[in-house]
Amino acid sequence: MGVTVWNSAKSRLETMDVEFTDKNTTWFEDEDGNQVVRMITDIDGGLLISEHSYDYPVFIIDKTRQDINYSTQKALELKELYLPD
């Protein structure tokens, strides 16, 4: 499926072909309304961080779900580190 993402390495939007499966994606429930991260996905040698919002998912190269211990908090910190001001 073609997904428009913010590629942090190229500092631009681009469309990536992504297949979300149980093997490459961790989903997070938004049960209490406080969960910001919707899912994290390992793709193409990087990590895709998607939120419960209309913002574009952020693609960060050379990172994996394991690198951030499958943590929503660490995913948010990593995303903020790589997003432009």
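Given the structure is predicted, the values throughout are model-derived calculations rather than measurements. (Residues numbered from 1 in each chain as written. Predicted model: local features only at pLDDT ≥ 70, side-chain atom pairs only at ≥ 80, totals over all residues. Heavy atoms only, no water.)

J.: So, the environment of glycine 2: which residues are in play, and what are the values?
T.: Locating glycine 2 in the fold gives a position in strand 1 (residues 2-7). When neighbours within four sequence positions are excluded, glycine 2 is seen to be in contact with Thr15, Met16 and Asp17. (Helix = DSSP H or I, 4+ residues; strand = E, 2+ residues; numbered from the N terminus. Contact = heavy atoms within 4.5 Å.)

J.: Go over the nonpolar core with me, naming the residues and quoting the values.
T.: Ranked by size, the top nonpolar core spans 11 residues in total: Trp6, Phe28, Val37, Ile40, Leu47, Ile49, Val58, Ile60, Ile68, Ala75 and Leu78. The set of elements that each furnish at least two residues to this core consists of strand 4 (37-43), strand 5 (46-51), strand 6 (58-61) and helix 1 (72-82). Val3, Val5, Val18 and Ile43 belong to the second largest nonpolar core, which has seven residues in total. (Core = buried A, V, L, I, M, F, W, Y, C linked by side-chain atoms within 4.5 Å. Buried < 20%, exposed > 50% of the residue type's maximum accessible area, 1.4 Å probe, protein only.)

J.: Describe in detail the pairing of strand 5, supporting the description with residues and values.
T.: The element strand 5 is extensively covered by neighbouring structure, given that six of its six residues are classed as buried. The side-chain alternation of strand 5 yields two buried faces, one formed by Gly46, Leu48 and Ser50 and the other by Leu47, Ile49 and Glu51. Sheet topology places strand 4 next to strand 5; six bridges connect them, and they run antiparallel. Bridging across to strand 5, isoleucine 40 finds its partner in isoleucine 49. Two successive antiparallel strands, strand 4 and strand 5, enclose a turn made up of two residues, where aspartate 44 displays a positive phi of approximately 45°. (Pairing = 2+ DSSP bridges.)

J.: Account for the pattern of salt bridges, naming residues and giving values.
T.: Inspection of the entire model under this criterion finds five salt bridges. One salt bridge in this structure joins lysine 10 and glutamate 14, with 3.3 Å as the shortest N-O distance. Lysine 10 sits in the partly exposed class, given a relative accessible area of 46%. Taking relative accessible area as the criterion, glutamate 14 reaches 17% and is therefore assigned buried. One salt-bridge network, in which partners are shared between bridges, spans Lys10, Arg12 and Glu14. (Salt bridge = Lys/Arg side-chain N within 4 Å of Asp/Glu carboxyl O.)

J.: Now, about the sheet that holds strand 3 (residues 25-27): what can you tell me, with residues and values included?
T.: What the six strands build is an open sheet, ordered 2-1-6-5-4-3; its pairing is mixed. What marks the edges here is a single partner per strand, and that holds for strand 2 (12-17) and strand 3. Ignoring which end each strand starts from, the neighbouring axes of this sheet average 30° apart. Bridging between strand 1 and strand 6 involves two bridges; their strand directions are parallel. Bridged to tryptophan 6 within strand 6 is valine 58. (Axes fitted to C-alpha atoms, helices over the stretch in contact; angles between N-to-C directions.)

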